[in-house]
Amino acid sequence: MSEPGEARSILAIETSCDDTCAAVVTRDGEVRSNVVASQGLLHERYGGVVPEIAARRHLEAVSPTVDDALERGGVTLEEVGMVAVTAGPGLIGALLVGLSSAKALAAARELPLVAVDHLHGHVAAATLAPQRLEAPYLCLVASGGHTFVARVDEPARYGVLGRTLDDSAGEAFDKGARMLGLSYPGGPAIDRVASEGDPGAFAFPRARPGTGLDFSFSGLKTALLYRTRELGETETQRRAADLAASYQRAIVDALVTRTREALEHEGVARLSIGGGVAANSELRRRAGELGEEMGVRVSVPDPSLCTDNAAMIAGAARFLEPIEFPGYLDLDAFARTG
Ligand code: KG4
Ligand code: ZN
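Attention here is on the structure that accompanies the text. Residue positions are given per chain, counted from 1 along the sequence in the order it is written. As a convention, the first chain written is A and the first ligand written is 1, with the rest following in written order. Given that the model is predicted, a residue must reach a pLDDT of at least 70 before its local features are reported, and side-chain atom pairs must reach 80 or more before they are shown or counted; all residues, however, enter totals for whole chains, interfaces and linings. Based on all heavy atoms of the structure, the side-chain values leave hydrogens and waters out of the count.

Things to note about the sheet that holds strand E3 (residues 31-38)
At step 1: As summarised here, the arrangement of the five strands in space is E3-E2-E1-E4-E5, forming an open sheet in which the pairing is mixed. One side of each edge strand has no neighbouring strand; the edge strands of this open sheet are E3 and strand E5 (113-117). Adjacent strand axes in the sheet meet at a mean angle of 20°, parallel and antiparallel pairs treated alike.
At step 2: Along the sheet, helix H2 (residues 51-73) contacts strand E1 (9-14), strand E2 (19-25), E3 and strand E4 (80-88); its crossing angle with E2, the most-contacted strand, is approximately 25°.
At step 3: Only heavy atoms matter for contacts: two residues are in contact if any of them lie within 4.5 Å across the pair. Axes, fitted as lines to C-alpha atoms, cover a helix only where it is in contact. Angles between the N-to-C directions of the axes lie from 0 to 180 degrees. In this description a helix means any DSSP run of H or I spanning at least four residues, a strand means any run of E spanning at least two, and both kinds are numbered starting from the N terminus. The strands that helix H3 (residues 92-108) touches are E1, E4 and E5; relative to E4, the one it contacts most, it runs at about 160°. If DSSP finds at least two bridges between two strands, the strands pair.

Below is the structure:
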């Protein structure tokens, strides 16, 4: 059944990195479909994302992914009321594929378009059903490209309270996994292997940069490098589970400690976590425990809404001002924020 005007669904597209994502979400935050065409295997042999390959693959995958999202969402293009797309930050070539497709889809039917900041998407994931977290809340975002704690007073924006001064938590997972000879992407691999290990087996540093709410992970990464050199290849492999568990514990401790301080400092009683690292089983458990201990409502979105996805982009778009046709035709993607 087609619905009039405002009630119509949002079609969202996200192509900021190596996953081609499309989703259909209703205006009140019900996720009808959330499709991710992962390029993980394509980049695995290089140990990281190759921008040129990512852009070319997005070009092939974007149309079928959108079709799939519409079909699974049970709507036709005629029933879409608004198109949302990630405009940045991310890989510029990859972003341009999603942005051009979104413009073409919107323009063909003269629909309004919403340009969304990828990080706002991670922050807004918790506002979707079934969590439907309402502002004010704090959000820990830990992904491959970014790590920060934000405060959300109104859902259209967020203010960063503290951020990493060097590597992101996701990079720490990915580079650590490489040192341990685990597969790419490293986060899920460490998460899996760590479940068999002893988190107290090795001592790793928990950096405290400055006096504020910032993070630093580069010293931890170096500590793991030295430890694996001391142990040698055979012993590193034999102790991989203990190393992974201890290293993961250090990353999660740093994230949880700073989040606890942010909650104490801001006096906000709601918390969410987002970004790919929020799919980590230890972080999810510890965030829940932190909430119980502090009497804070913690929203931990389903892992499919934590790693890159288009439903979160629609989630943020619900609170933003759409650009009417044809005002968005010359809209540009941006690689970096600020
Ligand atoms: O948000 P995301 O999908 O992409 C970016 O915007 O960067 O985050 C990707 C990051 C990668 O570093 C990946 O290793 C990490 O999230 N990640 C995890 C887990 N799943 C994904 N890190 C730890 N544990 C996981 N289960
Ligand atoms: Zn992301």
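Some points on the nonpolar core
At step 1: In this description, a nonpolar core means a group of buried Ala, Val, Leu, Ile, Met, Phe, Trp, Tyr and Cys residues linked to one another through side-chain atoms lying within 4.5 Å. Exposed residues in this analysis have more than 50% of their type's maximum accessible area, buried residues have under 20%, and partly exposed residues fall in between, with area computed by a 1.4 Å probe over protein chains only. With 41 residues, the main nonpolar core has Phe 204, Phe 217, Tyr 247, Ile 251, Leu 255 and Leu 283 as its most contacted residues.
At step 2: If we ignore the near neighbours within four places in the chain, the residues touching Phe 204 are Leu 220, Ala 223, Leu 224, Arg 227, Leu 243, Ser 246, Tyr 247 and Ala 250.
At step 3: Membership of the second largest hydrophobic core comes to 23 residues, among which are Ala 22, Val 75, Val 85 and Leu 95.

As for the pattern of salt bridges
At step 1: By definition here, a salt bridge exists when the distance from a side-chain nitrogen of Lys or Arg to a carboxyl oxygen of Asp or Glu is within 4 Å. Scanning the model with the defined rule gives 20 salt bridges in all.
At step 2: Its salt-bridge partner being Glu 235, residue Arg 238 comes within 2.7 Å of it at the nearest N-O pair. Placement of the pair is Arg 238 and Glu 235 together in helix H7 (residues 218-238), with a separation of three residues, close to one helical turn.
At step 3: By relative accessible area, Arg 238 is classed as exposed at 60%.
At step 4: According to the relative accessible area criterion, Glu 235 is partly exposed, its value standing at 26%.
At step 5: Taken together, the shared-partner salt bridges connect Arg 206, Arg 249, Asp 253, Glu 282 and Arg 286 into one network.

Some words on the coordination of the zinc ion (ligand 2)
At step 1: Here the coordinating atoms are restricted to nitrogen, oxygen and sulfur within 2.8 Å of the metal centre, or 3.2 Å for Na, K and Ca, and because water is not among them the sites may look incomplete. Coordination of the zinc ion (ligand 2) by the protein involves His 118 (NE2), His 122 (NE2) and Asp 308 (OD), with metal-donor separations of 2.0 to 2.1 Å.
At step 2: Along the chain, the residues donating to the zinc ion (ligand 2) are arranged with the sequence spacing H-x3-H-x185-D. With His 122 in helix H4 (residues 118-124) and Asp 308 in the loop between helix H10 (303-306) and helix H11 (311-317), this pair connects stretches of sequence that are 186 residues apart.
At step 3: Look at His 122 and you get buried, because its relative accessible area is 1%.

Brief notes about H2
At step 1: Bend, at a single residue, is the angle you get between axes fitted to the 7 residues ending at that residue and the 7 residues starting at it. Along its length, H2 shows its largest kink, about 45°, at Ala 61, and proline Pro 64 lies within four residues downstream of that point.
At step 2: The set of residues buried in H2 consists of Ile 53, Ala 54, Ala 55, His 58, Ala 61, Val 62, Thr 65, Val 66, Ala 69, Leu 70 and Gly 73.
At step 3: Gly 74, located one to two residues past H2, shows a positive phi value of around 70°.

Observations concerning the site of ligand 1
At step 1: Neighbouring residues of ligand 1: 18 residues in total, closest Gly 144, Asp 174, Gly 187, Asp 191 and Asp 308.
At step 2: N or O atoms within 3.5 Å of each other form a polar contact, as long as, within protein, one can give a hydrogen and the other can take it, and as long as residues adjacent in sequence are counted only when both atoms are side-chain atoms. In this structure, His 122 approaches ligand 1 through a side-chain N or O atom, which is 3.2 Å from an oxygen atom.
At step 3: A distance of 2.9 Å separates an oxygen atom of ligand 1 from a polar backbone atom of Gly 187.
At step 4: Here ligand 1 loses 88% of its free accessible area of 550 Å² to cover by the protein chains.
At step 5: Secondary structure elements with two or more residues in the shell around ligand 1: H4, helix H5 (169-179) and helix H6 (186-194).
At step 6: Here the residues of the shell around ligand 1 are counted per class, giving four nonpolar, eleven polar and three charged. Whether a residue is near a molecule or strand depends on its heavy atoms: if one lies within 4 Å, it is near. In these tables, accessible area is a Shrake-Rupley quantity obtained with a 1.4 Å probe, and a residue counts as shielded only by the protein chains included in the view. Three residue categories are used. Nonpolar comprises Ala, Val, Leu, Ile, Met, Phe, Trp, Tyr, Cys and Pro, charged comprises Asp, Glu, Lys and Arg, and polar comprises the others, including Gly.

Details of the sheet that holds strand E9 (residues 270-274)
Strand pairing in a sheet relies on backbone hydrogen bonds, with the paired strands running either antiparallel or parallel.
At step 1: Judged by pairing direction, the sheet is mixed, and its five strands sit side by side in the order E8-E7-E6-E9-E10 without closing on themselves. The sheet terminates laterally at strand E8 (159-163) and strand E10 (297-299), the two strands that pair on one side only. Here the average twist between neighbouring strands, direction ignored, is 20°.
At step 2: Sheet strands touched by helix H8 (residues 240-266): strand E6 (137-142), strand E7 (147-152), E8 and E9. Its angle to E6, the strand with the most contacts, is close to 160°.
At step 3: Each of E6, E9 and E10 touches helix H9 (residues 281-294); the most contacted strand, E9, lies at about 175° to it.

Quick look at the pairing of E8
At step 1: Examined bridge by bridge, E7 and E8 share four bridges and lie antiparallel to one another. Residue Phe 148 lies in a different strand from E8, and its bridge partner there is Arg 163.
At step 2: Between E7 and E8, which pair antiparallel in sequence order, lie six residues.

A word on the side chain of Asp 167
At step 1: You can see Asp 167 is positioned in the loop between E8 and H5.
At step 2: Given the relative accessible area of 10%, Asp 167 is considered buried.
At step 3: For Asp 167, the side chain forms a polar contact with the side chain of Lys 221, separated by 2.7 Å.
At step 4: Discounting residues that sit within four places of it in the chain, Asp 167 has contacts with Lys 175, Phe 217, Ser 218 and Lys 221.

A closer look at the pairing of E1
At step 1: For E1, the buried fraction is high: six of the six residues fall into the buried class.
At step 2: Alternating residues of E1 divide into Ser 9, Leu 11 and Ile 13 and Ile 10, Ala 12 and Glu 14, and every residue in both groups is buried.
At step 3: Taken together, the five bridges between E1 and E2 define a ladder with antiparallel strand orientation. Bridging from a neighbouring strand, Leu 11 pairs with Val 24 of E2.
At step 4: The loop that links E1 with its antiparallel partner E2 comprises four residues.

In short, shape yes, function no, at least from these values alone.
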